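# Structural overview for review
If you want the building blocks of each chain, they are given just below.
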Amino acid sequence: MKRLAILGSTGSIGTQALEVVAAHPELFEVEVLTAHSNADLLIKQARRFTPNAVVITDESKYETVRSAIKDIPVKVFTGASALNDLVQWDTVDMVLGAILGFAGLSSILSAIDAGKQIALANKETLVVAGELVMQRATQKKVHIIPVDSEHSAIFQCLVGENLDKIEKIILTASGGPFLGRKQNFLVNVKASHALQHPNWNMGAKISIDSATLMNKGLEIIEAKWLFGLENNQVEVVIHPQSIIHSMVQFVDGSIKAQMGVPDMKLPIQYALAFPHRINNNFKRFSFKEVSKLSFEEPDMKTFRNLALAREALNLGGNAPCILNAANEVVVHAFLQNKAGFLEMSDMIEKTMAKVAPIAQPTLEDYLQSDREARIYAAEFVKKSQLSIY
Ligand code: NDP
Ligand code: MG
């Protein structure tokens, strides 16, 4: 029996993780569930799974949650620091990091410090502070098992292999809803359109990141740290069908791929159950139904975020942290129709030029760079053509 803390249980990954847990009550027990402000869903989840504790980080929602479940033996906590404490509880075996964005970093570091197993969906944690996170994990002998589908694919391809026999990895990208589109079309697209991903049903922020290709940029950085690669060992190929979830090419030229229908429950289940592979009744891929798998080069001139993420990776230090903070701010603005689709890349680039580089940042440096970048990015959003009207 694995006892789980699911951080971000009310989100897209969190709710799918609870489906996996519910299908395998003999393997998993829910110890901690957390939400930011979705009190209603957290209350429902607390009643359904009766964890030892729940956290609602938005303090204004604490009383709502507490009073709604006072008849059941579930402890209720609030505030971001509660996350850092609860992940260290003796009764937690594994922490699923499914909080959105930079907000997920601190609780993952805390869980690593306590030697917990980590299943990591929150890619921003590795984008912001990958070097520091992986160093701490190595010190504490903690394995970080990826949940992101591409990284789960690579992880699965690497079972039984040596990391030093990797020639390169090939991350696949669906291309998102605007594959093949050019500037003249993209200049006018709105959030409602960008949210319609052709293959995956995900949270709002990552859906926009998929439409801009920033998601793939973040994933290059995530892959570098997870698998200890050089920057030029991570390639991206567009694969619109999202059947091959990623590939590893080894030093002898052999390529391994992991395939399946696009369904996040599979990589979630693989990470939660690792090192075991367990059964399920998810839809199976059929070679008879899909006759063509296609591949093409990403268009980095139109989708500039991918180039910006590469640049941040090559700059190193706090550059990916700045890129991530700016991206979180501009995506939030875009979702509220306060920034244009193409403008997002300009604002990220300008923010990267504003914040002072730090070659070997400490945790405090990352926090400071994140704060500064958010201030600059918010200023660029204010000046946006869309915000004026
Ligand atoms: P969602 O927006 O659907 O859910 C985010 C979760 O985090 C919610 O439970 C939310 O609570 C909580 N949360 C948001 N902000 C904070 C905060 N400041 N403090 C504490 N908790 C917070 O996101 P997704 O599930 O789509 O994504 C989660 C992570 O997983 C992201 O890093 C994403 O990149 C990654 N990922 C997601 C995939 C997907 O298919 N969705 C695929 C691969 C990776 P509340 O509901 O109360 O707001
Ligand atoms: Mg992914």
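Check the entry above for the structure.
Below is a short write-up of the structure.

Now for the sheet that holds strand E6 (residues 117-120). The strands that make up a sheet are held in pairs by hydrogen bonds between backbone atoms, and each pair lies either parallel or antiparallel. What the seven strands build is an open sheet, ordered E4-E3-E2-E1-E5-E6-E7; its pairing is parallel. Edge positions in the sheet fall to strand E4 (75-78) and strand E7 (144-146), since each has one partner strand and no second. Between one strand axis and the next, the sheet turns by 20° as a mean value, whatever way the strands run. Pairing of strand E3 (residues 53-56) with E4, which is carried by four bridges, proceeds in the parallel orientation. Each residue of the ladder has a partner; that of Ile-56, found in E4, is Thr-78. Those strands touched by helix H2 (residues 39-49) are strand E2 (28-35) and E3, and its axis lies near 165° from that of E2.

Moving on: the nonpolar core. Core analysis: the biggest nonpolar cluster contains 128 residues, and Ile-144, Leu-272 and Leu-323 have the highest contact counts within it. Per element, the largest residue contribution to this core is eleven residues, and it comes from helix H14 (residues 319-335).

Before going further, it helps to spend a moment on helix H6 (residues 123-139). Counted at 1.5 Å a residue, the expected span for H6 with its 17 residues is 24 Å, but the 21 Å between its end C-alpha atoms falls short. Along H6, the sharpest change in direction is near 105° and occurs at Ala-129. Of all 17 residues making up H6, twelve are buried, and the element is well covered by its neighbours. Along H6, the residues that are buried comprise Lys-123, Glu-124, Thr-125, Leu-126, Val-127, Val-128, Ala-129, Gly-130, Leu-132, Val-133, Met-134 and Ala-137. With its phi angle positive at about 55°, Lys-141 sits one or two positions after the end of H6.

It is worth spelling out the coordination of the magnesium ion (ligand 2) at this point. Within the protein, the atoms that donate to the magnesium ion (ligand 2) are Asp-148 (OD), Glu-150 (OE) and Glu-219 (OE), at distances of 2.1 to 2.2 Å. In primary-sequence terms, the residues that donate to the magnesium ion (ligand 2) follow D-x1-E-x68-E.

What counts, and at which threshold
- Residues numbered from 1 in each chain as written.
- Chains lettered and ligands numbered in written order.
- Predicted model: local features only at pLDDT ≥ 70, side-chain atom pairs only at ≥ 80, totals over all residues.
- Heavy atoms only, no water.
- Pairing = 2+ DSSP bridges.
- Helix = DSSP H or I, 4+ residues; strand = E, 2+ residues; numbered from the N terminus.
- Axes fitted to C-alpha atoms, helices over the stretch in contact; angles between N-to-C directions.
- Contact = heavy atoms within 4.5 Å.
- Core = buried A, V, L, I, M, F, W, Y, C linked by side-chain atoms within 4.5 Å.
- Buried < 20%, exposed > 50% of the residue type's maximum accessible area, 1.4 Å probe, protein only.
- Expected span 1.5 Å × (residues − 1).
- Bend = angle between axes of the 7 residues up to and from the residue.
- Donors = N, O, S within 2.8 Å, 3.2 Å for Na, K, Ca; no water.

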